[in-house]
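Residue-level structural notes
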Amino acid sequence: MRRKLFFGGLVVALPLALAAVILHPTRAKSDDTKASPAEVRVDNFSFGPDTLTVPANSTVTWVNKDDVPHVIASNDGLFKSKALDTDDKYSYTFAKAGTYSYYCSIHPKMVGKVVVQ
Amino acid sequence: MAKRNLFDPNPSGVIEHDHNNDGIDRRGFLKCMAWAGTGALCVIQGGVLKSHALASHMGSQMKSHKLGELSFVQISDSHMGFNKPANPDVIATLKAAVDKINALPEQPEFLLHTGDISHLSKPEEFDNVDQILKATNKQIFFVPGEHDVLNDDGAMFRERYAKNSKGQGWYSFDKNGVHFIGLVNVMNLKAGGLGTLGSEQLEWLEDDVKHLKSSTPIVVFAHIPLWTVYPQWGWGTEDSTQALSYLKKFGSVTVLNGHIHQTMQKVEGNVTFHTAFSTAFPQPAPGKAEGPGPMKVPAEQLRSVLGITDVNYVQGRHALAVVDSSLA
Ligand SMILES: [Cu+2]
């Protein structure tokens with residue numbers, strides 16, 4: 001239930017729309033078009049897509065579109081970025097097939113997966 | 001015990017209007033929230049949260065000096081280096097916080113900073129904060145936020161602010177009979193989890209308070225809330241229950257946190273939990289936005305949602321008085 005609330009943008013969208021008119025969260029005004037297949041957008045404290053599927057030997061690039069820094073870290077310590085400020089990028093090349101779970105090491109509720117086929 | 005009644009209008013620590021049975025006086029809480037923008041403050045006395053108009057409070061109660069009284073100020077989340085629309089000038093608002101502190105009728109003995117001193121853990125960001133806070137002429141005790149330990153597991157933070165600390169930066173000290181404990185809950189965070197204290201720190205804490213008399217007032221300060229405010233946004237600490245179990249024997253425990261950039265209070269038995277304003281930018285109320293990021297408010301309202309926290313301890317009183325005031 002709680003997990004759903006966190007991940008489901010739609011669930012919280014309604015209260016957001018009803019929130020006080022004067023108070024609204026800062027949104028990254030980005031003119032970026034859709035993310036390329038091997039790109040993960042870090043936006044509003046979530047990874048988009050939160051599960052990314054790529055062929056072996058793909059380089060995946062994370063780009064931070066938030067107003068706060070994030071750190072990309074694999075759960076098992078395989079890779080870890082430096083702190084990514086707004087618009088900073090981090091890339092990692094996945095040589096072998098498998099499922100790689102990662103999270104933001106300073107906002108650990110942010111979790112994602114790269115599935116390498 | 002009998003003496004306490006003289007000072008304490010509600011020594012039993014019972015919460016009025018607690019319809020949800022969770023220790024939060026919603027009526028008082030809402031009143032405080034509603035006034036937060038107009039220089040109002042919330043006070044917790046004898047376990048009961050009370051609201052007072054700023055002027056009348058400063059005029060009367062605050063001036064009643066008692067032997068053994070201790071006054072200190074908590075500031076939090078200065079995020080030096082942040083320059084996005086939610087606050088393009090965090091230097092100016094931190095300076096406004098310093099002015100506010102220097103103008104307090106009752107001068108605090110020292111300051112606590114509950115973390116996120118910097119935005120990106122850069123030396124020049126720490127330098128700027130040090131320079132600005134120097135104008136308070138006060139000793140300052142720091143605990144780190146996650147923004148202060150970004151790329152070196154907190155080595156620079158400890159070098160600058162916690163040289164004589166244990167482990168990853170925790171420590172304790174005594175002032176005027178009050179025992180202060182600074183904890184670190186922003187490191188070694190696990191995927192999917194919340195803030196973490198870790199077993200080494202918990203063991204230290206248990207040992208640190210073992211020799212203290214149960215009548216010793218305790219103040220615990222740490223960055224991430226030590227109570228579960230909103231786990232969906234990571235606003236809580238995995239092992240805080242265990243930490244608090246070591247503090248059960250004490251009659252008065254005050255827990256001061258930052259991280260969520262808004263004031264919130266909760267009273268649970270002898271423990272008063274409180275989160276402070278940021279001096280940099282506000283964040284949305286739990287669940288009231290898609291995420292917990294910086295919240296933009298109209299420029300003329302910014303200083304009404306930033307502020308400082310003034311804490312007063314009067315010997316004989318059950319709980320410490322925790323007073324928030326905005327920079328407006
Ligand atoms: Cu993050």
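Quick note: structure is the one above.
Below is a short write-up of the structure. Only a predicted model underlies this, so the values are computations on that prediction, with no experimental measurement involved.

Here's the deal with the overall build of chain B
Counting secondary structure elements, chain B contains 8 helices and 14 strands. Counting over 328 residues, chain B shows a buried share of 62%. Put simply, 71% of the contacts in chain B that link residues at least 6 apart link residues at least 24 apart. Total accessible area computed for chain B in this model is approximately 12600 Å², and 51% of it derives from carbon and sulfur atoms.

Some points on the overall build of chain A
From N to C terminus, chain A includes 2 helices and 9 strands. Start at the N end of chain A and walk to the C end: the helices and strands fall as α-α-β-β-β-β-β-β-β-β-β. A total of 117 residues make up chain A; the buried ones form 41% of that total. Long-range contacts, defined as pairs at least 24 residues apart, comprise 49% of the intrachain contacts of chain A with a sequence gap of at least 6. Total accessible area on chain A stands at roughly 6500 Å², and carbon and sulfur atoms take up 56% of it.

Here we look at the sheet that holds strand β5 (residues 139-142) of chain B
All names here are of chain B. Ordered in space as β5-β4-β3-β13-β14, the 5 strands form an open sheet in which the pairing is mixed. Two strands close off the open sheet at either side, each with one partner strand: β5 and β14 (321-326). Between one strand axis and the next, the sheet turns by 25° as a mean value, whatever way the strands run. In this sheet, strand β4 (residues 110-113) lies alongside strand β3 (residues 70-75) in parallel orientation, the contact comprising 3 bridges. Paired with valine 73 across the bridge in β4 is leucine 111.

Observations regarding the side chain of Asp239(B)
All names here are of chain B. With respect to the secondary-structure elements, aspartate 239 resides in the loop between β8 (218-221) and α8 (240-245). This buried residue, aspartate 239, is left without a salt bridge; lysine 190 holds the nearest opposite charge, at 8.1 Å. Apart from the residues within four sequence positions on either side, aspartate 239 is in contact with Gly195, Thr196, Leu197, Gly198 and Leu202.

Re the coordination of the copper ion
In an ideal tetrahedron of four donors about a metal, each angle is 109.5 degrees. In an ideal octahedron of six donors, the angles are 90 or 180 degrees. Residues and elements named next belong to chain A. Distances from the copper ion to its protein donors, His70 (ND1), Cys104 (SG) and His107 (ND1), fall at 1.8 to 2.2 Å. When the donor residues of the copper ion are listed from N- to C-terminus, their spacing reads H-x33-C-x2-H. Taken together, the residues histidine 70 in the loop between β5 (58-64) and β6 (72-74) and cysteine 104 in strand β8 (residues 98-104) connect sequence positions 34 residues apart. Summarising the burial analysis for this pair, histidine 70 and cysteine 104 share the class buried.

What to know about the side chain of Glu146(B)
Residue position: Glu146(B) is located in the loop between β5 and α6 (155-161). In this structure the side chain of Glu146(B) is engaged in a polar contact, spanning 3.1 Å, whose partner is the side chain of His223(B). Other than its neighbours up to four places away in sequence, Glu146(B) contacts Ile106(A), His107(A), Asp116(B), Val186(B), His223(B) and His259(B).

Re the pairing of β5(B)
Every regular strand shows the same layout, with side chains that alternate between the two sheet faces. Residue and element names in this part refer to chain B. Bridge count between β4 and β5: 4 bridges; the pairing is parallel. If you follow leucine 112 over to β5, its bridge partner there is phenylalanine 141. Viewed along the sheet, the connection from β4 through helix α5 (residues 123-133) into β5 turns out right-handed.

Rules used throughout
Residues numbered from 1 in each chain as written. Chains lettered and ligands numbered in written order. Predicted model: local features only at pLDDT ≥ 70, side-chain atom pairs only at ≥ 80, totals over all residues. Heavy atoms only, no water. Helix = DSSP H or I, 4+ residues; strand = E, 2+ residues; numbered from the N terminus. Buried < 20%, exposed > 50% of the residue type's maximum accessible area, 1.4 Å probe, protein only. Contact = heavy atoms within 4.5 Å. Areas by Shrake-Rupley, 256 points an atom, 1.4 Å probe, with all protein chains shown as cover. Pairing = 2+ DSSP bridges. Axes fitted to C-alpha atoms, helices over the stretch in contact; angles between N-to-C directions. Lys, Arg positive; Asp, Glu negative; His and termini not counted. Salt bridge = Lys/Arg side-chain N within 4 Å of Asp/Glu carboxyl O. Donors = N, O, S within 2.8 Å, 3.2 Å for Na, K, Ca; no water. Polar contact = N/O pair within 3.5 Å; in protein donor to acceptor, adjacent residues only side chain to side chain. Right-handed = clockwise from strand over helix to strand, strands pointing away.

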